Amino acid sequence: MTIAILTSYNSDLLKKDFEKFLYSKNIDITCWWNSFNLQEKAIFDLTSPFYLVKPDIALMHFEIEWLLGDIIHDILKYNLHDRKSKLEEAKIKFSSLVSLISNNLPNTKIVIENFIFRNKTYLGHLDINIEMGLYEIINSFNTFLLTIKSQFPDKIILHDYSSLIENIGRNHCYDNRIFHLAKNPFARSFYQKLFEHYYSVISIVTLPRKKCLVVDLDNTLWGGIIGQDGIDNIELGNSGIGEAYVQFQKYLLNYYRKGIFLSVCSKNNYNDAIEVIEKHPDMILRKEYFSALKINWSDKVTNLKAIAKDLNIGIDSLVFIDDNPAECELVKQQLPEVEVINLTGDPDNYINQMNSVDSLNTIFLTEEDLNRNRMYVADEKRKELEHSYTNLDEYLTSLEMQAFIKVNNPTHAQRVSQLTQKTNQFNLTTKRYTIEDIKNFLTDNKHRIYTLHLVDKFGDNGIVVMAIVELKNDKWIIDTFLMSCRVIGRQAETALLNSILEDATKSNINIVRGEFIKTKKNEPAEDFYSKHGFTSFSTNEWSIKFPFTINKHFVKINREL
């Protein structure tokens, strides 16, 4: 992983400290920084080292003072027309820099830090009361960043640097004396916060998002202990500490809206706790929002394992939050894969603590994300139906499954990339691809990307199976084949493989090859090729020669090539 950090400030004082910071995160990243005052040359000169290193991420941290020039310090020198002209010139300049990077580094994510003045405007109250004052100028520029992003929606990530400064305070972030001496605007004490800010977006781009947020109840979702205080005496309402818990629940509900599972892991009497969840008038997170409820007296390690099993996700997909430091420490020791957040202090501060959990954040939302929790409810209905059958074939027939299979559909690029980044269990090669990689496959005439969208009588499962096939003159090679763990056992993978093999036959291809690369998590896919008539010809490689036998499944196929 290579990151290029483009700055308008002198970064020499930060470089070594940032490298130490990344080392502490145990992440293998190489950083390239432009030399001071040469940021434009680095971008405009297509032979510069910036392009030679081909960074995975280009982080643009340019200060508004550099972009706007002397208007910052003497705005009244310019009339309204000139102020508008200066703003437009700066927008055009910045937009051209972004376009150059995007056009010449097609596989690079571009992170743009938004803008804030180092110092408050010297005009005081006058500034906000005149047309095209400095506040209006900077607000206009930050809004303009959305226009730039709309031109490259899959490549550009906007990062909220201005909120970081506002939350900490300018006086704690900047040191004018250091800026005048070394052209580095930052106070030494601010470095750690700045590095954490940079790392937050790096981790979102490079690390998979967690799938489930597991919450405690007492002193986490409400104040007090339900078993002792009773439903009428816990703190949960529209005033005082109770209001803080209500706001925290509303905050957690947003994770549900974004496709994160919510679950409960609490040592309590089930009936006492469920009464609050279902009947308390100020409870926001009702029972239907939770994918799993482990409310009992078992230890939390056991319950967390059970939640992961119930949701069919890895234990490393969990984030556990609790106010009890002893419980948190136990989970940390026995389940190091689980990310643990020990909520401390007043509940008014819980939201701020959760805002630092980067593993739950995302930059893009797909339809599958927005509908994930609804899909899970449908999955539970399918499980109930399955228990009523003793014959698997009869159960699969009863689901009335339909698969909509498409090839090289550009509207699926985001979802395909997401699946390669997130899917671990039924993933034959575990190759990770960015959306830019997928777009390249779609247009290079050397690959076919297959997607399978599964629907049954309980609802829409979304795109749950995909494959990337490399096209050779005499054979096809399955580079990637994966399936969401939500639909394991429903034969959707067989339906897609049959379609690939049928297409190969129509293209006069006699051999299809595939590879299985074993990992710690993909055991469910280990026998995929052997079960579907492929023959092993090396340690990891499999092939099938034509004619082949159609594999039986109970999925009705709808083809859209």
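All values derive from a computational prediction rather than experimental measurement.

1. Remarks on the overall build of the chain
Here is step 1: Of regular secondary structure, the chain possesses 23 helices and 19 strands.
Here is step 2: Taken over C-alpha atoms, the radius of gyration comes to 27 Å for the chain, in line with the 24 Å a tight globule of 561 residues would show.
Here is step 3: Across the 561 residues that make up the chain, the buried fraction comes to 52%.
Here is step 4: Within the chain, contacts between residues at least 6 apart in sequence are counted, and of these 71% link residues at least 24 apart.
Here is step 5: Of the roughly 25,900 Å² of accessible surface on the chain, 48% is carried by carbon and sulfur atoms.

2. Description of the pairing of strand 1 (residues 2-7)
Here is the key point about a regular strand: its side chains alternate between the two faces of the sheet.
Here is step 1: Within strand 1, 6 of the 6 residues are buried, which leaves it mostly tucked inside the rest of the structure.
Here is step 2: Handedness of the strand 1-helix 1 (residues 15-24)-strand 2 (residues 30-33) crossover: right-handed.
Here is step 3: Pairing of strand 1 with strand 3 (residues 57-61), which is carried by 5 bridges, proceeds in the parallel orientation. Note that in strand 3 the partner of Ala-4 across the bridge is Ala-58.

3. Here we look at the pattern of salt bridges
Here is step 1: Applying the stated criterion to the full structure yields 25 salt bridges.
Here is step 2: Close ionic contact of Arg-118 with Glu-63 constitutes a salt bridge, the shortest N to O distance being 2.7 Å. Here Glu-63 lies in the loop between strand 3 and helix 4 (64-68) and Arg-118 lies in the loop between strand 4 (109-113) and helix 6 (125-128), a separation of 55 residues in the sequence. Of the two residues examined, Arg-118 and Glu-63, each falls in the buried class.
Here is step 3: The shortest N-O distance in the salt bridge between Lys-267 and Glu-327 comes to 3.1 Å. Note that Lys-267 is positioned in strand 7 (residues 261-267) and Glu-327 in helix 16 (residues 325-334), a separation of 60 residues in sequence.
Here is step 4: We classify Lys-267 as partly exposed; its relative accessible area is 30%.

4. Re helix 16
Here is step 1: Here helix 16 has its buried residues at Glu-327, Cys-328 and Val-331. Axial view of helix 16: buried residues confined to an arc of 100°, hence all on one face. Residues of helix 16 that are exposed and point more than 90 degrees away from the buried face comprise Pro-325, Ala-326 and Gln-333.
Here is step 2: Check the buried side of helix 16 and you find it contacts strand 7, helix 15 (300-311), strand 9 (318-322) and strand 10 (339-342).
Here is step 3: Two to three positions downstream of the cap, the backbone nitrogen of Ala-326 sits 2.9 Å from a side-chain oxygen, assigning the N-cap of helix 16 to Asn-324.

5. Observations concerning the domain arrangement of the chain
Here is step 1: Domain annotation of the chain identifies domain 1 (2-206), domain 2 (212-360) and domain 3 (367-559).
Here is step 2: Here domain 2 and domain 3 have C-alpha centroids that lie 35 Å from each other.
Here is step 3: With 13 residues of domain 2 at the contact, the number on the domain 3 side is 9 residues.
Here is step 4: Interface area, domain 2 with domain 3, both sides summed: about 950 Å², of which 41% is carbon and sulfur.

6. Concerning the state of the cysteines
Here is step 1: Applying the stated criterion across every chain, the model contains 0 disulfides.
Here is step 2: Of all cysteine sulfurs, the one in Cys-265 lies closest to Cys-212, which takes part in no disulfide; the gap is 10 Å.

7. Remarks on the nonpolar core
Here is step 1: One finds Tyr-450, Leu-452, Leu-454, Phe-481, Leu-496 and Val-512 to be the most contacted residues of the largest nonpolar core, which totals 41 residues.
Here is step 2: At the level of elements, helix 19 (392-398), strand 11 (401-407), strand 13 (447-456), strand 14 (459-471), strand 15 (475-483), helix 22 (492-506), helix 23 (528-531) and strand 18 (541-545) are the ones that each hand at least two residues to this core.
Here is step 3: Ranked by residue count, the leading element in this core is helix 22, at 7 residues.
Here is step 4: Filtering out sequence-adjacent residues up to four positions away, Val-512 remains in contact with Trp-476, Ile-478, Leu-501, Ala-504, Phe-534, Trp-542, Ser-543, Ile-544 and Phe-546.
Here is step 5: Core analysis: the second largest hydrophobic core is formed by 39 residues, Ile-43, Phe-50, Phe-141 and Phe-144 among them.

8. A short note on unusual backbone geometry
Here is step 1: Going from Phe-546 to Pro-547, the amide bond is cis rather than trans, its omega being 0°.
Here is step 2: Position of Pro-547 among the secondary structure elements: in the loop between strand 18 and strand 19 (555-560).
Here is step 3: Its identity as a non-glycine residue notwithstanding, Glu-400 has a phi of 55°, on the positive side.
Here is step 4: Position of Glu-400 among the secondary structure elements: in the loop between helix 19 and strand 11.
Here is step 5: Although it is not a glycine, Gln-491 sits at a positive phi angle of roughly 70°.
Here is step 6: Tracing the sequence through the fold places Gln-491 in the loop between strand 15 and helix 22.

9. Describing the sheet that holds strand 4
Here is step 1: The sheet built from 5 strands is open, its strands ordered 2-1-3-4-5 with parallel pairing. The sheet is open, and its two borders are formed by strand 2 and strand 5 (156-159), each paired with just one other strand. This sheet shows a mean twist of 20° between the axes of neighbouring strands, independent of strand direction.
Here is step 2: Inspection of the sheet shows strand 3 paired to strand 4 by 4 bridges, in the parallel sense. Bridging across to strand 4, Met-60 finds its partner in Ile-112.

10. Regarding the packing of aromatic side chains
Here is step 1: One pass over the structure, following the stated rule, counts 30 aromatic pairs.
Here is step 2: Note on Tyr-433 and Phe-441: the rings are 5.1 Å apart at their centroids and 85° apart in plane angle, and the pair reads as edge-to-face. Neither Tyr-433 nor Phe-441 differs from the other in exposure class; each is buried.
Here is step 3: The structure contains a cluster of three or more aromatic residues connected by ring pairs, namely Phe-18, Phe-21, Trp-33, Tyr-191, Phe-195, Tyr-198 and Tyr-199.
Here is step 4: For the cation-ring pair, Lys-93 lies above Trp-66, with the distance from its terminal atom to the ring centre recorded as 4.1 Å.
Here is step 5: Across from the ring centre of Phe-179, 5.2 Å away, lies the NZ or CZ of Lys-183, which sits over that ring.

Conventions we followed
- Residues numbered from 1 in each chain as written.
- Predicted model: local features only at pLDDT ≥ 70, side-chain atom pairs only at ≥ 80, totals over all residues.
- Heavy atoms only, no water.
- Helix = DSSP H or I, 4+ residues; strand = E, 2+ residues; numbered from the N terminus.
- Rg over C-alpha atoms; globule rule 2.2 N^0.38 Å.
- Buried < 20%, exposed > 50% of the residue type's maximum accessible area, 1.4 Å probe, protein only.
- Contact = heavy atoms within 4.5 Å.
- Areas by Shrake-Rupley, 256 points an atom, 1.4 Å probe, with all protein chains shown as cover.
- Right-handed = clockwise from strand over helix to strand, strands pointing away.
- Pairing = 2+ DSSP bridges.
- Salt bridge = Lys/Arg side-chain N within 4 Å of Asp/Glu carboxyl O.
- Arc of directions from axis to C-beta.
- Polar contact = N/O pair within 3.5 Å; in protein donor to acceptor, adjacent residues only side chain to side chain.
- Domains from an automatic or database assignment.
- Buried area = accessible area lost by both parts, 1.4 Å probe.
- Disulfide = S-S within 2.5 Å.
- Core = buried A, V, L, I, M, F, W, Y, C linked by side-chain atoms within 4.5 Å.
- Axes fitted to C-alpha atoms, helices over the stretch in contact; angles between N-to-C directions.
- Phe/Tyr/Trp six-rings, centres within 6.5 Å; stacked < 30°, edge-to-face > 60°.
- Lys NZ or Arg CZ within 6 Å of the ring centre and 35° of its normal.

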